[in-house]
Amino acid sequence: MVESLIKDWDGENVIFRHDKQSGAWIIIAIHSTRLGPATGGTRMKSYRSLDEALRDALRLSAGMTYKFAVPDLPYGGGKAVIAVPPNLGSGDRKSLLRRYGALVKQLGGLFSTGPDVGTSSEDMDIIAETGAPYIFARTSSGGGAGSPGPYTALGVFEGIRVACEKLFAESGLNGRKILIQGMGSVGEALAEFLSEAGGEISFSDIDEAAIARLKGKRGYEFIPASEVYSSECDIFSPCALGGILNTETIPQLKCRAVVGAANNQLGEPGDAESLRERKILYAPDFVTNIGGAMAIMGLELDGWTNEKARENVRNAVRFALGKVFDLSAMEDITTDSAARRIAEEHMAGNRDS
Ligand code: PHE
């Protein structure tokens, strides 16, 4: 499988390391350095197999390439996956992160990283002990710009407004029903933006502690995981893991649009077509979830203030999503194809489109 996964992938390089001490596999996928140094989060979780971990790294790294290319930012796409054994102790986890940092450092700038599913700004502080200066989104006390989550959420919030404008001819959210799947660092911040703007929030999560804490907060309604796809709402917002828009779930959806933060929401490219046939407006994930990476890089490398970061994220998502919806309508193609076309034009050097 490893052979065919890499053969069929259109990226540049894959770096593998088996970390003997912990039994973890580290995979760094460098998808494209066409627009700049490969940049992407570090995902840490247990996988059923090495193939599954590799597949995740390859797909996620391509997503990062497209993410940066749509707004024409000077970064390439990469992603690291650390496939850990279940029950890794916290001491072992720390030393693994330090060895991982040393590997990133050794790559000498080929790959820069920040937090993703399973890692935090506190983890970036540890990785940066050996991995600086290629580690982003450390804590503010560790010298970084902190968590990207709230910025990603702000971009998704703006994306939801753009989708509402398209669907209902007004961007106001008063009384709009939004269902958020996954109340992690992005989902919860998103719920706050939305409810402040008058949205009616329901959420689904699998973490019992999070459910207990959030149920009834600001009037949030809890939806069990078994009903998350078939629940009626205006906007469905996937903010957990990828692959959730597929042949099984798309026929169940009772929403007008899908606008969320999770990476790789489509099970496969053909699922974009099924959403279109069902007249569900899909905001491509890599267009909508640029906020975190964009803000962190701007704050840490370009001296943006928080205010500027917020403004730039909102403008970038509004502008890009508007263009994607227009191109999709004009050319009669899915929004996913439209977004990929825009990204590819930027990668080919056509800066005016
Ligand atoms: N998890 C972020 C994403 O998928 C990755 C990231 C965060 C990259 C912060 C750089 C800085 O976009």
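Here the structure is shown first, and the text comes after it.
Residues numbered from 1 in each chain as written. Predicted model: local features only at pLDDT ≥ 70, side-chain atom pairs only at ≥ 80, totals over all residues. Heavy atoms only, no water.

Caption draft 1: A look at the overall build of the chain. Summing up its helical and strand segments, the chain has 12 helices and 11 strands in all. Its C-alpha atoms give the chain a radius of gyration of 19 Å, within 12% of the compact-globule value 20 Å for 353 residues. The dimensions of the chain, computed from C-alpha atoms along their principal axes, are 55 × 50 × 45 Å. For the chain, the proportion of its 353 residues judged to be buried stands at 54%. Within the chain, counting contacts between residues at least 6 apart in sequence, those at least 24 apart form 64% of the total. Once the 38 positive and 46 negative side-chain charges of the chain are each reduced to a mean point, those two points are 2 Å apart. (Helix = DSSP H or I, 4+ residues; strand = E, 2+ residues; numbered from the N terminus. Rg over C-alpha atoms; globule rule 2.2 N^0.38 Å. Buried < 20%, exposed > 50% of the residue type's maximum accessible area, 1.4 Å probe, protein only. Contact = heavy atoms within 4.5 Å. Lys, Arg positive; Asp, Glu negative; His and termini not counted. Charge placed at Lys NZ, Arg CZ, Asp CG, Glu CD.)

Caption draft 2: Structural context of the sheet that holds strand S4 (residues 76-83). On the basis of which strands lie adjacent, the open sheet formed by 5 strands has the order S1-S2-S4-S3-S5 and mixed pairing. Edge positions in the sheet fall to strand S1 (13-19) and strand S5 (111-115), since each has one partner strand and no second. Direction aside, neighbouring strands of the sheet carry axes that sit 20 degrees apart on average. In terms of strand pairing, strand S2 (residues 24-32) meets S4 through 7 bridges, oriented antiparallel. Following the sheet pairing, Trp25 is matched in S4 by Ala83. Strand contacts of helix H3 (residues 90-106): S1, S2, strand S3 (38-45), S4 and S5, with the helix running at about 30 degrees to S2, the strand carrying the most contacts. (Pairing = 2+ DSSP bridges. Axes fitted to C-alpha atoms, helices over the stretch in contact; angles between N-to-C directions.)

Caption draft 3: Representation of the site of the ligand within the structure. Gly41, Met64, Lys67, Lys79, Pro115, Asp116, Pro148, Asn263, Ala293 and Ile296 make up every residue found near the ligand. The contact in question runs from a nitrogen atom of the ligand to an N or O atom on the backbone of Pro115, over 2.9 Å. In this structure, Asn263 approaches the ligand through a side-chain N or O atom, which is 3.2 Å from an oxygen atom. Looking at the shell around the ligand, the elements with two or more residues in it are helix H2 (50-69) and helix H10 (291-301). For the shell around the ligand, the per-class residue count stands at 5 nonpolar, 2 polar and 3 charged. (Near = heavy atom within 4 Å. Polar contact = N/O pair within 3.5 Å; in protein donor to acceptor, adjacent residues only side chain to side chain. Nonpolar A, V, L, I, M, F, W, Y, C, P; charged D, E, K, R; others polar.)

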